[in-house]
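Below, each chain spelled out in residue letters.
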Amino acid sequence: MEKTFVCIKPDGVQRGLIGEIVKRFENRGFTLVAAKFMLVSRELAEKHYAEHVGKAFYNGLVNYITSGPVFAMVWEGEDVIKGVRQTVGATKPIEAAPGTIRHDFAAKMDRNLIHASDAIPTAEREIALWFRPEEMVEWTSIT
Ligand code: CMP
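A brief report on the enclosed structure follows. Worth saying up front: this structure is predicted, and the values here are computed from it rather than measured.

Let us look at the overall build of the protein chain. Along the protein chain, the regular secondary structure elements total seven helices and four strands. In the protein chain, the succession of α and β elements from N to C terminus is β-α-α-β-α-α-β-α-α-β-α. The C-alpha radius of gyration of the protein chain comes to 14 Å, within 12% of the 15 Å expected for a compact globule of 143 residues. Dimensions of the protein chain along its principal axes, counting C-alpha atoms only, are 45 × 35 × 25 Å. Across the 143 residues that make up the protein chain, the buried fraction comes to 31%. The long-range share in the protein chain, meaning contacts at least 24 apart out of those at least 6 apart in sequence, stands at 72%.

It is worth spelling out unusual backbone geometry at this point. Phi is positive for Asp79, close to 50 degrees, though the residue is something other than glycine. Mapped onto the fold, Asp79 is located in the loop between β3 (70-76) and α5 (80-88). Residue Leu113 is not a glycine yet carries a positive backbone phi of 70 degrees. With respect to the secondary-structure elements, Leu113 resides in the loop between α6 (101-105) and β4 (114-116).

One can find Ile120 in helix α7 (residues 120-130). Residue Ile120 is classed as exposed on the basis of its 12 C-beta neighbours within 10 Å. For the pair Ile120 and Ser141, spaced 21 residues apart in sequence, the C-alpha separation works out to 24 Å.

The antiparallel open sheet is built from four strands, whose spatial order is β2-β3-β1-β4. Looking at strand neighbours, the two that pair on one side only are β2 (31-38) and β4, the edges of this open sheet. This sheet shows a mean twist of 15 degrees between the axes of neighbouring strands, independent of strand direction. As defined by bridge partners, β2 adjoins β3 across seven bridges and the pair is classed as antiparallel. Within β3, the position partnered with Ala35 by the bridge is Met73. Sitting on the sheet, α7 is in contact with β1 (3-8) and β3, with an inclination near 60 degrees to β1.

Reading the values: the criteria
Residues numbered from 1 in each chain as written. Predicted model: local features only at pLDDT ≥ 70, side-chain atom pairs only at ≥ 80, totals over all residues. Helix = DSSP H or I, 4+ residues; strand = E, 2+ residues; numbered from the N terminus. Rg over C-alpha atoms; globule rule 2.2 N^0.38 Å. Buried ≥ 20, exposed ≤ 12 C-beta atoms within 10 Å, placed from the backbone. Contact = placed C-beta atoms within 7 Å. Pairing = 2+ DSSP bridges. Axes fitted to C-alpha atoms, helices over the stretch in contact; angles between N-to-C directions.

As far as function goes, none of this settles anything; it's purely spatial.
What follows is the structure, encoded as structure tokens:
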């Protein structure tokens with residue numbers, strides 16, 4: 001089953017949006033298979049955002065993700081990568097469709113609340129970077 005990496009960034013945590021965001025993915029029927037509340041080291045931030053090295057916003061991006069606790073998760077489901085990104089909305093909050101997380105709660109690109117993997121290879125790389133295999137919980141709903 002397809003899996004994706006999702007991270008509620010420090011602004012999402014500080015604004016008390018963890019429950020709201022998790023609820024939206026639960027409502028869509030996706031399955032939570034890993035989660036942790038954590039501080040992000042500079043080393044992890046630099047690996048996670050390696051593709052952005054050299055861009056004007058890179059240092060700000062690393063400072064932002066390391067500025068306070070994040071809520072990192074792995075979600076599973078059919079087409080979960082696409083589905084989660086639909087629910088998250090466009091990277092630029094001003095372009096996010098009404099009803100998406102970024103439309104409803106964010107206004108600025110450099111404070112866009114949440115990260116979600118954009119493709120299968122990215123999801124595999126990010127899950128392996130953020131979670132150890134033993135932190136993943138394989139389970140089936142009994143309801
Ligand atoms: P994220 O989904 O975490 O992936 C890369 C991040 O870079 C993105 O969300 C934004 O937070 C950030 N980002 C992308 N482009 C810009 C930009 N032009 N200015 C500031 N931040 C950006």
